[in-house]
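# Structural overview
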Amino acid sequence: MSLLTVQDITGGYGAADILHGVSITVNPGEIVSIIGPNGAGKSTVMKAVFGLIRIRKGRIFFQETEITGMRPDLIVRRGMCYVPQEYNIFPSLTVQENLEMGAFLRKGDPAKEIAKVYDLFPPIKDRRKQAAGTLSGGLRQMVAIGRALMLRPSLLLLDEPSAGLAPLFIDHIFKQIQKINRLGVGILMVEQNARQALRFSHRGYILVMGTNRYEDTGENLLGNREVAEMFLGG
Amino acid sequence: MEVLQLIIYGIVLGSVITLGAIGVSLIFGILRFAHFAHGDMMTVGAYLALVGVGVLQWPMPVVFPLALAGTALVGIGIDRVIYRPLRKASPIIMLISSVGTALMLRSLVQIVWGPDNKIYEAGIDIPYRIWGLRIKPDQITIVLGAFALVVLLHLFLHRTRMGKAMRATSDNIDLAKVSGINTERVVLWTWIIAAAMAAAGGIFLGIDTRLNPIMGWRILLPVFTASILGGIGSIYGAIFGGLLIGVVQELSTLFISPAYKPAVAFGIMVIMLVVRPRGLLGGRQ
């Protein structure tokens, strides 16, 4: 049984459709990347999954439940967490408070989960009393991903986790994502750094103009000449 | 000496303005609109306390928390009936509907209690004399009361789960939603706190001067100025802005007729909006 099934969805913001029949599957334990040119609707797919945009056609299933258009907090409750590309932290809250907000749905002391996040991202532990808005881009991204891990999701959606990061840091973030994945968390990410993302992914989708163009294992997509020329910069 | 005396009056007035400005800032931070009915919410709080003190003859320390709770209920009610159905409407529509709400609240107060001035307790509040300065016991109560409420609010916002969720929602409501925070619960608590603070401000204003149905509408301008001055959306900015506006308004009477006090607040607001719309302490545009 797949973790996430996106079946042929069509939709967008307001009157105009951005997605014209996109289908994506994530199986348990997989890292799946969505790549493609700007404006292909990559981030929109994530928003659609999370009930943040209007879906006109198609259905979305998480585990066995249909979640098409469901309220975000109810989706979170089912074990899917989302890290948006921008504005993905609470800037005036401290690092620690950001993580606590990730566990808002769960009653009781989140100390154990917070400790786990600090184990995964040691640099933010030293800054735990600092306002998250004052951190550098890389540390912010750690806080954002950490926040999404607080409920121990079975699927994590990451919208451009490497956007705006220094090259050295990009590799580090991907390695951490791999580490999270090995803990049993399925990962669906949208990436601009296509080559690096595919290297870390089990499977990948290439989206063009709001529809599926290619779908294969990360390795095969990297080895495909046509894909390399058109989407990976030769 | 006169300057010091005016500064004391300014701090008293500033405490009242602060309590109103905190609510305006909280509501703007969470719901993104300028709440024009906030002054009249202060009036409602003041008159609810009058029921307890005047009609039921209960002592003010007992009546005070009850009036705060009563006004909080009024705030929740207004949100349910008027603002919630408009939650997805544009901020302008929200603003206009809050002007309508302001008129309704003010008229309601006038229908029930009449247009005349009222006081909580007859009698003279004999001022203490300290180094030639006159300070009334009531004024000390007002400043200490406002201070205590601000400390309580600070603890709520930083120590409790709901308080932190409120700050998070004010920071970024979309992220709050995808984090699983029930933002409607946050909105409920925003009204409880904003209305209770407004009621406290209204009661203090009634203690310091008199009650009448337009007391809240009159103080709305300095309240808005205070929240803009400190940076709208920022609680601590509202506290700073409130005290500053209070003191500046009182000091202005050294140079111009006291009748122009509201004009001073208006002038400051216009200058701030032109020169530094983000407020002195940051906040949002």
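In terms of helices and strands, chain B carries eleven helices and two strands. When its helices and strands are written in sequence order, chain B yields α-α-α-α-β-β-α-α-α-α-α-α-α. Relative to a compact globule of 285 residues, whose C-alpha radius of gyration would be 19 Å, chain B shows 18 Å and is just as compact. Expressed as lengths along the three principal axes of its C-alpha atoms, the size of chain B is roughly 60 × 45 × 35 Å. A burial count over chain B gives 52% of its 285 residues as buried. Once local pairs closer than 6 in sequence are excluded, the contacts in chain B between residues at least 24 apart make up 75%. As displayed, chain B offers around 12800 Å² of accessible surface, 71% of which is attributable to carbon and sulfur atoms. If the 22 positive side-chain charges of chain B are averaged to one point and the 12 negative ones to another, these points end up 9 Å apart.

Right, let's talk about the overall build of chain A for a bit. The secondary structure content of chain A amounts to ten helices and ten strands. Relative to the compact-globule value of 17 Å for 234 residues, chain A shows a C-alpha radius of gyration of 17 Å, a close match. Dimensions of chain A, computed from the C-alpha atoms along their principal axes, are close to 45 × 35 × 35 Å. A total of about 10200 Å² of accessible surface is found on chain A, and carbon and sulfur atoms cover 50% of it. Side-chain charges of chain A comprise 28 positive and 22 negative groups, with the mean position of each set lying 4 Å from the other.

A separate point is the domain arrangement of chain A. Residues and elements named next belong to chain A. Here chain A is described as being made up of domain 1 (1-78 + 153-160 + 186-234) and domain 2 (80-152). In this structure, domain 1 and domain 2 have C-alpha centres spaced 24 Å apart. Taken together, the contacts link 22 residues of domain 1 with 13 residues of domain 2. Roughly 1500 Å² of surface becomes buried between domain 1 and domain 2 when both sides are summed, with 67% attributable to carbon and sulfur atoms. Interface area lost by domain 1 to domain 2 is led by V76, P153 and D159, which between them contribute 36%. There are zero salt bridges connecting domain 1 and domain 2. Counting every contact that joins domain 1 to domain 2 gives four residue pairs in polar contact (both at pLDDT 80 or more). Residue assignment for the side of domain 1 that touches domain 2 shows that the elements contributing at least two residues are α1 (42-49), α2 (72-77) and β7 (155-159). No other element matches β7, which puts five residues into the side of domain 1 that touches domain 2. Its residues assigned to classes, the side of domain 1 that touches domain 2 shows 14 nonpolar, two polar and six charged.

A separate point is unusual backbone geometry. Residue and element names in this part refer to chain A. Of note, D8 is a non-glycine position whose phi angle comes to about 50°, a positive value. Despite not being glycine, E160 has its phi angle at roughly 50°, a positive value. Among the structural elements, E160 can be located in the loop between β7 and α7 (167-182). On the basis of relative accessible area, E160 is assigned to the buried category, the value being 6%.

What follows concerns the confidence of the model for chain B. The predicted coordinates ought not to be read in detail in places where the model reports low pLDDT. This prediction gives chain B a mean pLDDT of 92; 98% of its residues lie at or above 70. This complex was scored by the predictor with a pTM of 0.89 and an ipTM of 0.88.

What follows deals with the side chain of T71(B). Residue and element names in this part refer to chain B. Looking at the secondary structure, you find T71 in helix α3 (residues 60-83). A distance of 2.7 Å separates the side chain of T71 from the backbone oxygen of A67, its partner in a polar contact. Residue contacts for T71: discarding those within four places in its chain leaves M41, V44, G45, L48, A195 and A199.

Tallying the contact residues gives 17 residues for chain B and 24 residues for chain A. Taken together, the two surfaces of chain B and chain A that pack against each other cover about 1700 Å², and 59% of this comes from carbon and sulfur. The three residues of chain B that bury the most area against chain A are R161(B), L175(B) and V178(B), which together make up 35% of that side's buried surface. For the salt bridge of K164(B) with E100(A), the shortest nitrogen-to-oxygen distance reads 2.5 Å. Summed over the shared surface of chain B and chain A, the number is six residue pairs in polar contact (both at pLDDT 80 or more). Elements with a contribution of two residues or more to the side of chain B that touches chain A: α6 (161-171) and α7 (173-178) of chain B.

Conventions used here
Residues numbered from 1 in each chain as written. Chains lettered and ligands numbered in written order. Predicted model: local features only at pLDDT ≥ 70, side-chain atom pairs only at ≥ 80, totals over all residues. Heavy atoms only, no water. Helix = DSSP H or I, 4+ residues; strand = E, 2+ residues; numbered from the N terminus. Rg over C-alpha atoms; globule rule 2.2 N^0.38 Å. Buried < 20%, exposed > 50% of the residue type's maximum accessible area, 1.4 Å probe, protein only. Contact = heavy atoms within 4.5 Å. Areas by Shrake-Rupley, 256 points an atom, 1.4 Å probe, with all protein chains shown as cover. Lys, Arg positive; Asp, Glu negative; His and termini not counted. Charge placed at Lys NZ, Arg CZ, Asp CG, Glu CD. Domains from an automatic or database assignment. Buried area = accessible area lost by both parts, 1.4 Å probe. Salt bridge = Lys/Arg side-chain N within 4 Å of Asp/Glu carboxyl O. Polar contact = N/O pair within 3.5 Å; in protein donor to acceptor, adjacent residues only side chain to side chain. Nonpolar A, V, L, I, M, F, W, Y, C, P; charged D, E, K, R; others polar. pLDDT = per-residue confidence, 0-100.

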